[in-house]
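Next come the chains, spelled out residue by residue.
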Amino acid sequence: MSHTIVLGVIGADVHAVGNKILHYAYTQAGFFVVNLGVMVSQEEFVQAAIESEAKAIVVSSLYGHGEIDCRGLREKCIEAGLENIKLYAGGNLVVGKTPFKEVEEKFIAMGFDRVYPPGTDPKTSVDDINKDLASL
Amino acid sequence: MKPILCIDFGSTYTKVVGIDVDEPRILGRTQSFTTVKEDINIGLEKAIEKLATMTGISEWPVRYACSSAAGGLKMIAIGLVPQLTMEAAKRAALSAGAKILKTYSYELNESELEEIAKLKPDILLFTGGIDGGNQKVVLHNAHQLTKLTIRCPLVYAGNKAIRDQVKTILSEHDWKVHVADNVMPVLNELKIDSARALIRDIFLEHIVVAKGLSKVQSTIDNILMPTPSAVLLAAELLAYGHIGGKGIGELLIVDVGGATTDVHSVAEGHPTQSNVLMKGLSDLKIKRTVEGDLGARYSLPSLVEVVGIEGIAATIPTSVEVVHQILKDLEAHPESFVSEPGLLKTLDDVAAEIAVKESVTRHAGTLEVHYTPFGTIYQQTGKDLSHVHHVIGTGGPLIYHHNIRSALRAAQYDPKNPFSLKPTAPHYYLDKQYILAAMGLLSIHYPKQALTLMKEAIIEV
């Protein structure tokens with residue numbers, strides 16, 4: 001069964017190339033991708049997930065403000081009745097040279113299921129999504 | 001000479017326009033009270049008699065009609081997320097010429113069901129979920145609707161994956177279900193043509209009969225559509241023209257009435273500046289919005305609330321007490337005109353200006369500024385109308401306005417509100433004879449003549 005996933009670049013970030021690559025990779029992997037493009041607000045992610053009955057939201061951020069932009073997304077999902085939705089984040093999530101381990105811990109604490117550093121092969125997340133959603 | 005009669009059965013007046021399509025010219029225009037309770041033909045005959053006195057013609061072999069009598073085409077729209085499918089459903093219904101009684105989102109509860117039954121819609125538009133998207137809430141709502149104590153034609157235009165299921169559930173409970181394409185098949189993409197066409201068919205087949213308008217079917221060729229649909233047709237023809245004649249280009253029509261203000265735009269609405277990204281639901285090239293709280297008479301109290309009574313008093317200019325008194329008088333006699341001596345502007349004039357300003361502001365798109373590490377980025381929601389060159393006013397409060405240019409200027413871009421994408425330097429026109437609906441009807445068979453007549457009759461002010 002093909003999984004529906006919502007994809008987008010969060011906040012005021014306009015980096016469109018990675019978004020297109022992920023859209024392509026995920027579609028090739030057999031997912032039904034609802035791509036919101038760039039400059040997507042948390043509310044738009046949540047609304048799209050409800051309307052499309054998505055099982056996962058994949059958030060990208062490249063401009064360093066990812067932490068601020070992503071904070072509260074899990075809470076909004078719970079409020080909207082999407083308690084079981086899987087949340088993924090990837091990219092240059094924070095400014096500066098914070099070790100990725102710390103970034104990952106921070107995002108897991110914020111309610112994300114998986115976090116990816118810059119330069120991750122899309123296949124890694126495809127495999128993870130397939131694994132995570134198989135049980136749902 | 002080939003005379004044609006175009007009839008508009010309004011809620012108050014039955015308006016008739018006689019046209020000679022050979023020349024072409026408008027032979028005359030008259031009106032009489034709509035008589036929907038007794039027999040709608042009585043009012044129509046009276047208007048035709050008046051027209052005969054004016055033109056000497058009493059035989060009209062070809063007649064076209066539109067109607068907003070008996071409350072117009074009353075619809076309820078149901079969607080899932082308010083900003084997504086519910087909004088899409090609302091826009092589909094509006095562009096089909098409907099009057100929206102109320103919209104509902106998420107799971108319908110019992111008290112909402114009671115409310116729907118009380119509102120007695122003519123048609124129910126039921127949507128939810130993109131194609132392949134949400135099923136749970138939509139199916140829940142289908143089951144809820146089976147409990148509704150009323151029945152009316154229902155258009156399902158939601159998630160196609162459960163189309164048959166929804167149809168079965170509802171049909172088993174005596175609903176007459178009409179299936180259209182999903183109004184939002186893909187997220188943020190509007191696709192309303194199928195739903196709109198279906199709504200129009202239902203209007204012709206059921207609603208005209210149900211409202212007692214079918215008595216006229218024997219005397220006229222047909223009630224073809226709801227009046228707002230006719231205006232939209234006229235707007236499209238005037239803007240884009242057709243094979244036999246060029247249109248005037250993108251335009252905006254503001255129709256101020258006693259109870260509501262309608263705004264129609266025929267424009268692409270794409271961004272006109274650089275660094276602008278589009279956000280949210282895509283918009284329709286031919287778009288109609290209706291403001292139920294902005295009207296120059298029956299909706300005056302809510303209109304006054306929009307700017308505050310002090311603001312109104314300052315514009316006239318007069319004291320707050322005088323405005324209070326006028327409002328009180330008008331509530332008792334809504335049919336009367338305001339003629340407070342010694343005032344620069346009448347309350348009617350001010351109300352019309354506010355209706356124009358507010359309704360166009362709500363209709364036009366907006367910009368949001370974002371200061372990003374890459375500089376300033378703008379996000380546009382809705383349509384950019386800044387390059388629209390033609391603003392046309394119609395409706396009683398504008399036709400009888402003492403300074404029509406000043407009233408229509410309220411539709412213009414306001415530097416104090418720079419993020420509202422209203423026309424920056426338009427020309428202003430007045431549909432003084434109130435012929436837009438008639439021209440929309442005429443345009444079905446005589447687009448060339450309708451275009452010529454509109455260009456003549458709609459005057460620049």
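What counts and how
Residues numbered from 1 in each chain as written. Chains lettered and ligands numbered in written order. Predicted model: local features only at pLDDT ≥ 70, side-chain atom pairs only at ≥ 80, totals over all residues. Helix = DSSP H or I, 4+ residues; strand = E, 2+ residues; numbered from the N terminus. Rg over C-alpha atoms; globule rule 2.2 N^0.38 Å. Buried ≥ 20, exposed ≤ 12 C-beta atoms within 10 Å, placed from the backbone. Pairing = 2+ DSSP bridges. Axes fitted to C-alpha atoms, helices over the stretch in contact; angles between N-to-C directions. Contact = placed C-beta atoms within 7 Å. pLDDT = per-residue confidence, 0-100. Core = buried A, V, L, I, M, F, W, Y, C linked by C-beta atoms within 7 Å. Domains from an automatic or database assignment. Expected span 1.5 Å × (residues − 1). Arc of directions from axis to C-beta. Nonpolar A, V, L, I, M, F, W, Y, C, P; charged D, E, K, R; others polar. Parallel < 35°, antiparallel > 145°, perpendicular 65-115°, else oblique.

Visitor: I keep staring at the overall build of chain A and nothing clicks. Help me out?
Guide: Along chain A, the regular secondary structure elements total 6 helices and 5 strands. When the helices and strands of chain A are read in sequence order from the N terminus, they spell out β-α-β-α-β-α-α-β-α-β-α. Computed over C-alpha atoms, the radius of gyration of chain A comes to 13 Å, within 12% of the 14 Å expected from 2.2 N^0.38 for 136 residues, which places it in the range of a compact globule. For chain A, the C-alpha atoms occupy an extent of roughly 40 × 30 × 25 Å along the three principal directions. The buried share of chain A, reckoned over its 136 residues, is 49%.

Visitor: How should the sheet that holds strand E3 (residues 56–61) of chain A be read in this particular structure?
Guide: Strand pairing in a sheet takes place through backbone hydrogen bonds and is either antiparallel or parallel in direction. All names here are of chain A. Pairing within the open sheet is parallel, and its 5 strands lie in the order E2-E1-E3-E4-E5. Either end of the sheet is taken by a strand with one partner, and the two such strands are strand E2 (32–35) and strand E5 (114–116). Here the average twist between neighbouring strands, direction ignored, is 20°. Where strand E4 (residues 86–91) lies against E5, 3 bridges are found, and the strand directions are parallel. Counterpart to Ala89 in the pairing with E5 is Val115. Together, strand E1 (4–9), E2, E3 and E4 form the strand contacts of helix H1 (residues 17–28), whose direction differs from that of E1 by roughly 170°.

Visitor: What exactly am I supposed to notice about the confidence of the model for chain B here?
Guide: Low pLDDT marks stretches whose predicted atomic positions should not be read closely. Residues and elements named next belong to chain B. On average, residues of chain B carry a pLDDT of 91, and 95% of them reach 70 or more. The least confident element of chain B, judged by mean pLDDT, is strand E10 (residues 223–226) at 84; the most confident is strand E8 (residues 154–156) at 98. Confidence estimates for the predicted assembly give a pTM of 0.87 and an ipTM of 0.83.

Visitor: For this particular structure, what's the right way to read the nonpolar core?
Guide: Across soluble globular proteins, nonpolar side chains have a tendency to be buried as a group. Counting residues in each nonpolar core, the largest one holds 174 residues, and the members touching the most others are Leu125 and Val155 of chain B. In contact with Val155 of chain B, other than residues within four places in its own chain, are Ile123, Leu125, Phe126, His178, Ala180, Ala195, Leu198 and Ile199 of chain B.

Visitor: Teacher, can you tell me more about the domain arrangement of chain B here?
Guide: Many descriptions give the size of an interface as the accessible area lost when the pieces come together. All names here are of chain B. Looking at the assigned domains, one finds that chain B contains domain 1 (3–70 + 212–221), domain 2 (74–207) and domain 3 (246–452 + 454–458). Between the C-alpha centres of domain 2 and domain 3 there is a distance of 30 Å. At the interface, 10 residues of domain 2 touch 8 residues of domain 3.

Visitor: Sorry if this is basic, but what is going on with the pairing of strand E13 (residues 251–256) of chain B here?
Guide: Successive side chains on a regular strand alternate, one facing one side of the sheet and the next facing the other. Residue and element names in this part refer to chain B. Within E13, 6 of the 6 residues are buried, which leaves the element mostly enclosed by the surrounding structure. Relative to strand E14 (residues 261–266), E13 is paired through 6 bridges, and the arrangement is antiparallel. In the strand pairing of E14, Leu252 is matched with Ser265. Count of turn residues in the E13/E14 antiparallel hairpin: 4 residues.

Visitor: Help me out: how do you make sense of helix H1 (residues 40–55) of chain B in this one?
Guide: Given 3.6 residues to a turn, an α-helix orients residues that are three or four positions apart in the same direction. Residues and elements named next belong to chain B. For H1, spanning 16 residues, the distance from its first C-alpha to its last is 23 Å, which sits close to the expected 22 Å at 1.5 Å a residue. Taken as a whole, H1 has its buried residues at Ile40, Gly43, Leu44, Ala47, Ile48 and Leu51. When H1 is viewed along its axis, its buried side chains cluster within an angular range of 135° and face the same direction. Note on H1: the residue one or two positions beyond its end, Gly56, has a positive phi of about 80°.

Visitor: Would you take a moment to explain unusual backbone geometry for this structure?
Guide: A cis geometry characterises the amide bond from Glu23 of chain B onward to Pro24 of chain B, with omega recorded as -15°. Here Pro24 of chain B is to be found in the loop between strand E2 (13–20) and strand E3 (25–33). A cis geometry characterises the amide bond from Ile316 of chain B onward to Pro317 of chain B, with omega recorded as -15°. Among the secondary structure elements, Pro317 of chain B is positioned in the loop between helix H9 (309–315) and helix H10 (320–332). Look at Met39 of chain A: it is not a glycine, yet its phi comes out positive at around 55°. When you line up the elements, Met39 of chain A lands in the loop between E2 and helix H2 (42–52). Classification of Met39 of chain A by C-beta neighbours within 10 Å gives buried; the count is 23.

Visitor: Sorry if this is basic, but what is going on with the sheet that holds strand E4 (residues 62–67) of chain B here?
Guide: Residue and element names in this part refer to chain B. Pairing within the open sheet is mixed, and its 5 strands lie in the order E3-E2-E1-E4-E10. Of all the strands in the sheet, just E3 and E10 have a single pairing partner and so form its edges. Shown here is a sheet whose adjacent strand axes are inclined to one another by a mean of 20°, direction ignored. Pairing of E2 with E3 involves 8 bridges; the strand directions are antiparallel. Paired with Lys15 across the two strands is Gln31, which belongs to E3. Its contacts with the sheet place helix H7 (residues 227–240) against strand E1 (3–9), E4 and E10, and it is angled at close to 85° to E10.

Visitor: Looking at this structure, how should I read the interface of chain A and chain B?
Guide: Contacts between chain A and chain B engage 14 residues on the former and 19 residues on the latter. Those elements that place two or more of their residues in the side of chain A that touches chain B are E2 and H2 of chain A. The biggest single contributor to the side of chain A that touches chain B is H2 of chain A, with 5 residues. Split into classes, the residues belonging to the side of chain A that touches chain B amount to 9 nonpolar, 3 polar and 2 charged.

Visitor: Which parts of the structure should I look at to understand the environment of Ala16 of chain A?
Guide: Residues and elements named next belong to chain A. Along the chain, Ala16 turns up in the loop between E1 and H1. On the neighbour-count criterion, Ala16 (14 C-beta atoms within 10 Å) is partly exposed. In sequence terms Ala16 and Gly81 are 65 residues apart; their C-alpha atoms lie 30 Å from each other.

Visitor: Would you take a moment to explain the packing of H7 of chain B against helix H15 (residues 447–457) of chain B for this structure?
Guide: Residues and elements named next belong to chain B. With their axes 10 Å apart at the nearest point, H7 and H15 run at an angle of 80° to one another. Classified by the angle their axes make, H7 and H15 are roughly perpendicular. Between H7 and H15, the residues in contact are Ala234, Leu237 and Leu238 and Pro447, Ala450, Leu451 and Met454, respectively. Residues belonging to the contact of H7 with H15 are distributed by class as follows: 7 nonpolar, no polar and no charged.

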